[in-house]
Amino acid sequence: MRRSGLLPLAALLALVACSEPGSSGESPDAAGVPLGSGFDFYVLALSWSPGYCASEGERANRQQCGPGADFGFVAHGLWPQFERGWPEYCETDEPVSVPRERAALLGDIMPSVGLVRHQWKKHGTCTGLDQADYFAVTRAAYERVALPDAFKDRAETASIRPAEVERAFLAANPELPADAVAVTCDRRFLRDVRICMSRDLREFVSCPEVDRRACALETVVVPPDD
């Protein structure tokens, strides 16, 4: 699974703290994460890229699923959430489109320019952050979660119970409450693992509404990432 070039969380937060001070949202917290506003917490959606590619087939994005792509869990998005419901497509003074150069900087964790632009338009505009801060926090949130070893360099297709996927994330992240993570699927494939965390990313938070939308299948198909 491709994760090269990622900074440790502490180093990343230091970089965020030194860039564009006071550019958006509330003042950064002590750890340096720009704080969004107007929502209660974040949902980090981690997409199992091979599941997306297999499910979408010819319709799948070629940047993410074309020849040579070997992504595992990627950042589907970082979504502002209320205790009940969520905002989307909010008015903003920021540009609606994301420059290709900025989107390319996220290519190791969000391997589609179209995905980056869609996530900003639908979700990022509702965080009170500017584009630079929103995507910096997205990367920091991605780095906040330890990915289970069982999902690294998978070589074979397997059928797995969604509860097993959840348990793997709980084991890799001991501070993660069981009701702060939800595994989602389509009619067959593992699609997302959704993890709820505070606006400053310091804590995982319980999110019963998100948890209730978890996959109801007995097993899901998990294609390999090689």
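Keep in mind that what you see is a predicted model, and the values were worked out from it rather than measured.

Parameters at a glance
Throughout, residues of each chain are indexed from 1 in the direction in which the sequence is written. Residue-level local features of this predicted model are given only where pLDDT is at least 70; pairs of side-chain atoms are given and counted only at 80 or more, and the full residue set underlies all totals for whole chains, interfaces and linings. Heavy atoms from the whole structure form the basis of all side-chain values; hydrogens and water molecules are not counted. A pair of strands counts as paired when DSSP detects no fewer than two bridges linking them. Note on conventions: DSSP H or I runs of at least 4 residues are helices, E runs of at least 2 residues are strands, and numbering of each starts at the N terminus. The axes are straight lines fitted to the C-alpha atoms, using for helices just the contacting stretch, and the angles between their N-to-C directions are given from 0 to 180°. Here a residue-residue contact requires only that any non-hydrogen atoms of the pair lie within 4.5 Å. Cavities and pockets were defined on a 1 Å grid built from protein atoms only: a cavity is a group of points that admits a 1.4 Å probe but offers it no way out, a pocket is an open group of points flanked by protein on both sides within 12 Å along at least five of seven lines, and a lining residue is one with an atom within 4 Å of any such point. Grid points are joined across faces, edges and corners, and a volume is the space filled by probe spheres set on the points. Centres within 6.5 Å are what make two rings of Phe, Tyr or Trp a pair, Trp counting through its six-membered ring; a difference in plane orientation under 30 degrees is then read as stacked, over 60 as edge-to-face, and the rest as tilted. With a 1.4 Å probe rolled over the protein chains alone, any residue whose accessible area is under 20% of its type maximum counts as buried; one over 50% counts as exposed, and the rest are partly exposed. Look at NZ for Lys and CZ for Arg. If either is within 6 Å of the ring centre and within 35 degrees of the ring normal, a charge sits over the ring. Confidence of the predictor at the level of single residues is captured by pLDDT, which takes values from 0 to 100.

Novice: It is not clear to me how the sheet that holds strand β4 (residues 181-185) should be interpreted in this structure. Could you clarify?
Specialist: By definition, the strands of a sheet pair up through backbone hydrogen bonds, in either a parallel or an antiparallel sense. Within the open sheet, the 4 strands sit side by side as β2-β1-β5-β4. Their pairing is antiparallel. Whereas interior strands pair on both sides, the edge strands pair on one side only; in this sheet they are β2 (73-81) and β4. For this sheet the average axis-to-axis angle between neighbouring strands, irrespective of direction, equals 20 degrees. Bridge count between strand β1 (residues 41-48) and β2: 8 bridges; the pairing is antiparallel. Among the inter-strand pairings, Ala 45 is bridged to a residue of β2, identified as Gly 77. Running over the sheet, helix α2 (residues 49-56) touches β1, β2 and β5 (190-197) and is turned about 65 degrees from β1.

Novice: Would you mind going over the layout of surface pockets with me for this structure?
Specialist: Rolled over the atoms, a probe as big as a water molecule pinpoints where empty space is left. Space inside the second largest pocket adds up to approximately 290 Å³. In terms of lining residues, the second largest pocket is bounded by 14 residues, among which Ser 47, Tyr 52, His 76, Arg 191 and Asp 192 are the most central. Only α2, β2, β4 and β5 provide two or more residues apiece to the lining of the second largest pocket. A total of 3 residues in the lining of the second largest pocket trace back to one element, the largest contributor, which is β5.

Novice: Mind showing me how you'd approach the packing of aromatic side chains here?
Specialist: Working definition: an aromatic ring pair is given by the centre-to-centre distance plus the angle between the planes. All told, the structure shown has 9 aromatic pairs when counted by the stated rule. With 6.5 Å between their ring centres and 40 degrees between their planes, Phe 151 and Phe 169 make a pair best called tilted. Linking Phe 151 in the loop between α6 (131-144) and β3 (158-160) with Phe 169 in helix α7 (residues 162-172), this pair joins segments that are 18 residues apart in sequence. Like Phe 169, Phe 151 is buried. The ring of Phe 204 has Arg 144 sitting right over it, with the charged end atom 4.4 Å from the ring centre.

Novice: So what exactly am I meant to see when it comes to the confidence of the model for the protein here?
Specialist: Note: predicted coordinates in regions of low pLDDT should not be interpreted at a detailed level. Averaged over every residue, the pLDDT of the protein is 87; the share at 70 or more is 86%. The model gives residues 1-23 a pLDDT under 50, and that stretch makes 46 contacts with residues more than four places away or in other chains.

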